[in-house]
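Coordinate analysis (summary)
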Amino acid sequence: MATVQATERVLARLDQLNEFERQPVTTERLHGGGYFAAVYSGEHIAATEFVIGALFVNLGAGAFDVLAGLLVGNLLAVLSWACVCAPIAVQTRLTLYWYLRKIGGPVVMIVYNVLNAVLHCILAGAMITVSASAVRIPFGVAAETRWFPQHISFVLVVLLVGTVVVTLAILGFRRLAQFASVCAPWMVLMFVAGALMVLPTLGPLRSFGDFWEIARTQIWTGSSTAHGTGIGFWHVAAFAWICNLATHIGLSDMALLRYARRASYGLYSAFGMYLGHYLSWICAGIMGAAAALAMNRPLSQLDSGGIAFNALGAVGALCVVIAGWTTANPTLYRAGLALQAVTPGWSRWRVTLAVGAATTLVACFPFVFGSLLGFVSLYGLLLMPVGTIVVVEHWLFPRIGLTRYWSSRNGLAVNWPALVAWGVALVAALICWTTGILHEFFLALPAWILTAVVYIALAAIAGARRSADDHQHEADPGEQTVPAHSPPTASTVTSAASRDIVLYVSGVTALVCLSLCLVLPLFVFVSSYAGADVFRANRLALGKFLIWITLLYFVNATIWVSKWEQRRKQVEQGV
């Protein structure tokens, strides 16, 4: 009896984890810019970076193509979040999943949400697999780079990692942001440290000219262009933009940005794009090339854990584990929200638990490793047209004389123009992809335009034309006017926090540890000038020392984040 009562209490507490799945976010639950900097940094400085950074090397992209193409493509991605996704999220305060119900009706919402959840499960599963590729190392489990697992021991490792990831996803947005805020600064430095630790193994470095020579001859060699496969500047730029197509242009990140106080917080995605999809991809490429050389094996036969372990030892493996968690957590969170919208009798934590179990099962099959670029392209193409339909109806319909939410106003269960536009865009994109008319990286913009044109034309025919009465009385059921909110200023929180000696000491200690994570690898890098033997000795010593610095950092950073959050709440409550 006692056990049953205890279980009921736990379930009741879990049901109180309200994440505004079906209604607009309220003012008191909005977050400042620091949360979004942390979330985007944590999510996009992640396990995929080890895979994608290495794939650019494996595919033979040129050095200029990678370094310059990523600058352009990531800028396009940041502008997509800031100018498209964030404004709609802030105006509605809804997830895409429930805003889509107002526009597309329940059938379109169900089709989209189920497809979205499945794709998110696959992506989150891939991140769990990447984490497991590092956890396997101390247990002596062999690397898995095929489509199906070859060893039961690897499956057991995946189940362990998946349990942790699902637990964190159930805890919700605030816990994810807190976790990411601790991990993100350290992960950035680990990517940089890893690149510094292996660069001298690729050749002597005395100047930028030496680096450029190594970059173009041993890392990003341009061999794909030479062999006619054409992975060049525009391919790299386009991929950097479309690799998160579903979340920015496709509006999936409304689930996160609905918590933003202002639409300009979409610009905080730059922390993820330039620290993650620029700096981390470049560093991962360097580490991948060095690992292939050190192990005398093709890069395609190495997993993320092996690449990081070659560069940084145990702390590199830990970086891969944490990077996998910080990506899988928000991905599972989105998948849970998507399915929760079509299972009204279930709370979000129950849905997330079910999704997490399926995701962990997917993670046992490491099939995404060898085709991640293609999967990410397909993932974006499948979901992006729905975001296009929402953008068109939210912004363009009032300007061209069509009625917003016309399908819901007419009581339609199915918005057939939305389904047809979605289907036409997908069929056209897949034909262009499979026939080679367009490379998959370049399909997004034509598909967006085609979706918009077809939807506007069909919606006008189906009943979206606005009458004079509609124009006069049209309300915006999707928009939520949020009262002005005056959060505590940084100076107020800082003044209150300065009285807490524990917070001060833990913060300073964490900063010192972060500084050492950069300064010591720089020292090892410079020691390569003294000769190979000195460099190897220093590199081995630092690999052992970094793990203790890392543990000290995480203890103190966790204390600092917890204390700072307590002080912020006390200031908000006037304590």
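This is a predicted model, so every value here is computed, not measured.

This part is about the overall build of the protein. Helices and strands together make up the secondary structure of the protein, namely 23 helices and zero strands. Sorting the 575 residues of the protein into buried and exposed places 57% on the buried side. Look at the contacts in the protein between residues 6 or more apart in sequence, and 86% of them connect residues 24 or more apart. Of the accessible surface of the protein, which amounts to about 23000 Å², a share of 68% is contributed by carbon and sulfur atoms.

Summed over the entire model, instances satisfying the criterion amount to 20 aromatic pairs. Their ring planes at 85° and their centres at 4.8 Å tell us that F233 and W234 sit as a pair that is edge-to-face. When the ring of F525 is compared with that of Y529, the centres are 6.4 Å apart and the planes differ by 65°; the resulting orientation is edge-to-face. Classification of F525 by relative accessible area gives buried; the value is 14%. Among the residues examined, Y529 registers a relative accessible area of 39% and is labelled partly exposed.

Here we come to unusual backbone geometry. In this structure, R93 is a non-glycine residue whose phi angle is positive, near 60°. In this fold, R93 is placed in the loop between α4 (63-92) and α5 (96-135). Residue R93 is classed as buried on the basis of its relative accessible area, which comes to 2%. With a phi close to 70°, L251 is a non-glycine residue in the positive phi region.

Close contact between helix α8 (residues 208-219) and helix α12 (residues 269-295) brings their axes to 11 Å; oriented N to C, the two are set at 65°. Where α8 crosses over α12, the two elements pack in a sense that is left-handed. Taking contact as the criterion, the partners of F211, Q218 and I219 in α8 are, on α12, G285, I286, A289 and L293. Grouping the constituent residues of the contact of α8 with α12 by class yields five nonpolar, two polar and no charged.

Along the polypeptide, E440 turns up in the loop between α18 (416-435) and α19 (444-464). Of note is the side chain of E440, whose polar atom sits 3.3 Å from the side chain of W433. Those residues in contact with E440 that sit more than four places away from it in its chain are I242, S377 and W433.

Further remarks concern the pattern of salt bridges. In this structure the tally under the stated criterion is two salt bridges. Between E213 and R216 there is a salt bridge, with its nearest N and O atoms 3.1 Å apart. Of the two residues, E213 and R216 are both situated in helix α8; the distance of three residues between them amounts to about one turn of the helix. Measuring nitrogen to oxygen at the nearest pair gives 2.4 Å for the salt bridge that ties D533 to R536. Here the residue D533 and the residue R536 both occupy positions in helix α23 (residues 532-572), the gap between them amounting to three residues, near one helical turn.

Moving on, we get to a nonpolar patch on the surface. On the surface, I501, V502, Y504, V505, V508, V512, L516, V555 and I559 cluster together into a nonpolar patch covering about 750 Å² of accessible area. Those elements that provide at least two residues to the nonpolar patch are α22 (501-527) and α23. Ranked by the residues each element gives to the nonpolar patch, the list is headed by α22, at seven residues. By relative accessible area, which is 56% here, I501 ends up exposed.

Another aspect to go through is the environment of R334. Residue position: R334 is located in helix α14 (residues 314-340). Sequence-wise, R334 and C121 are 213 residues apart; in three dimensions their C-alpha atoms are separated by 9.5 Å. If we ignore the near neighbours within four places in the chain, the residues touching R334 are E43, Y97, H120, T247, S252, D253 and L256.

Helix length check: helix α16 (residues 372-396) (25 residues) gives 34 Å between terminal C-alpha atoms against 36 Å at 1.5 Å per residue, within 8%. Bending of α16 peaks at approximately 35° at the position of L383, with proline P385 no more than four residues after it. Counting buried positions along α16 gives 21 out of 25 residues, so the element sits mostly inside the fold.

You can see S131 is positioned in helix α5. Within the local environment of S131, its side chain forms a polar contact with the backbone oxygen of V321, the two atoms lying 2.9 Å apart. Dropping the residues within four chain positions of it, S131 is found in contact with V161, V320, V321, G324 and W325.

What follows is about the confidence of the model for the protein. Chain-level statistics for the protein give a pLDDT mean of 81 and a share of 82% at 70 or above. By mean pLDDT, helix α1 (residues 2-15) is the weakest element of the protein at 45, and α4 is the strongest at 95. Taken as a whole, residues 6-19 scores under 50 in pLDDT and shows 19 contacts with residues more than four places along the chain or in a different chain. Note on residues 471-486: pLDDT under 50 across the span, and 34 contacts to partners over four residues away in sequence or across chains.

The rules behind these values
Residues numbered from 1 in each chain as written. Predicted model: local features only at pLDDT ≥ 70, side-chain atom pairs only at ≥ 80, totals over all residues. Heavy atoms only, no water. Helix = DSSP H or I, 4+ residues; strand = E, 2+ residues; numbered from the N terminus. Buried < 20%, exposed > 50% of the residue type's maximum accessible area, 1.4 Å probe, protein only. Contact = heavy atoms within 4.5 Å. Areas by Shrake-Rupley, 256 points an atom, 1.4 Å probe, with all protein chains shown as cover. Phe/Tyr/Trp six-rings, centres within 6.5 Å; stacked < 30°, edge-to-face > 60°. Axes fitted to C-alpha atoms, helices over the stretch in contact; angles between N-to-C directions. Left-handed = near helix turned anticlockwise from the far one by under 90°. Nonpolar A, V, L, I, M, F, W, Y, C, P; charged D, E, K, R; others polar. Polar contact = N/O pair within 3.5 Å; in protein donor to acceptor, adjacent residues only side chain to side chain. Salt bridge = Lys/Arg side-chain N within 4 Å of Asp/Glu carboxyl O. Patch = residues over 30% accessible without salt bridge, like charges linked within 9 Å, V, L, I, M, F, W, Y side chains within 5 Å. Expected span 1.5 Å × (residues − 1). Bend = angle between axes of the 7 residues up to and from the residue. pLDDT = per-residue confidence, 0-100.

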